[in-house]
Structures are given as C-alpha cells and as structure tokens.
Amino acid sequence: MANNKSAIKRWHQSLKRRDRNRATRTLMRSAVRSLRETAADGDATATKEALTAAYSALDRAAKKGAIHTGKADRTKSRLAALVAKS
C-alpha cells in the first residue's frame, strides 16, 4: 500500500483509470468478436457494418489510451484481411 499522500492519490487514480479502461476494452473486444462471428456466417452487408463498428471501437480504445495505437492498427489490418478473405 502507498505510504504518502501523493502515492495514495496516484493509487486511487489508477483504480479509476483501470475501471474506465476495462469498460472500453470490453466494448472493443465485443465488437471484434461480433465481426468475427458475422464474417464466419458470410453475410456481406452485416460484415461491412460489423467492420465499421469494430474499427470505431478500436480507434476509440486507442484514443483513450486503453490499448496501444499499434495494437489497434494491427488488429484493424488483420480484421480487414479476414473480411477480404471471407
């Protein structure tokens, strides 16, 4: 546990940030999972909409700092390849 006031404050801030990041990452992962399921089904229009939603969720998570921008870019690239293949 933290021993001084500034360390205690940083600890509280990290707890709040962890909860915010966890919520953002959960929404992102759900969007990516739904895209993968939709791509497996083979419905082109639904896949296109799911790809847009997944891109948006990844960009939002990267902008908020919940994930690295490189991870967002890499995931978007892999999802685009998945959609192109299906």
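This text goes with the structure placed above it.
Right, let's walk through the structure included here. Note on numbering: residues in each chain are counted from 1, in written sequence order. Local features in this predicted model are restricted to residues whose pLDDT is 70 or higher, and side-chain atom pairs enter the listing and the counts only when it is 80 or higher, whereas totals over whole chains, interfaces and linings include all residues. With hydrogens and water set aside, each side-chain value is computed from the structure's full complement of heavy atoms.

In this section: the nonpolar core. As used in this record, nonpolar core signifies buried Ala, Val, Leu, Ile, Met, Phe, Trp, Tyr and Cys residues forming a set joined through side-chain atoms within 4.5 Å. Remark: exposure states derive from per-residue accessible area (1.4 Å probe, protein chains only) relative to the maximum for the residue type, with buried under 20%, exposed over 50%, and partly exposed in between. One finds Met28, Leu35, Leu58, Ile67 and Leu79 to be the most contacted residues of the largest nonpolar core, which totals 15 residues. In terms of residues, this core owes the most to one element, helix α2 (residues 44-64), which gives seven residues. Only heavy atoms matter for contacts: two residues are in contact if any of them lie within 4.5 Å across the pair. Not counting residues within four places of it along the chain, the set of residues in contact with methionine 28 comprises Ala57, Leu58, Ala61 and Ile67. Working definition: helices are DSSP H or I runs of at least four residues, strands are E runs of at least two. Numbering for both runs from the N terminus.

For the rest of this paragraph, the subject is the packing of helix α1 (residues 5-41) against α2. Convention adopted: a line fitted to C-alpha atoms gives each axis, helices being fitted over their contacting stretch, and angles between N-to-C directions are expressed from 0 to 180 degrees. Between α1 and α2, the least distance of the axes is 8 Å, while the angle of their chain directions is 160°. As summarised for this structure, α1 and α2 are arranged roughly antiparallel, according to the angle between their axes. Regarding α1 and α2, the two cross each other, and that crossing is left-handed. When α1 is examined against α2, the residues Asn21, Thr24, Leu27, Met28, Ala31, Val32, Leu35, Thr38 and Ala39 are found in contact with a partner set consisting of Ala46, Thr47, Ala50, Leu51, Ala53, Ala54, Ala57, Leu58, Ala61 and Lys64. Just so you know how the angles are binned, under 35 degrees is roughly parallel, over 145 roughly antiparallel, 65 to 115 roughly perpendicular, and the rest oblique. Crossing handedness is read from the near helix: turned anticlockwise from the far helix by less than a right angle, it gives a left-handed crossing, and turned clockwise, a right-handed one.

Take the side chain of threonine 38 next. With respect to the helices and strands, the residue threonine 38 is situated in helix α1. Owing to a relative accessible area of 16%, threonine 38 belongs among the buried residues under this scheme. For threonine 38, the contacting residues outside a window of four places in its chain are Asp43, Ala46, Thr47 and Ala50.

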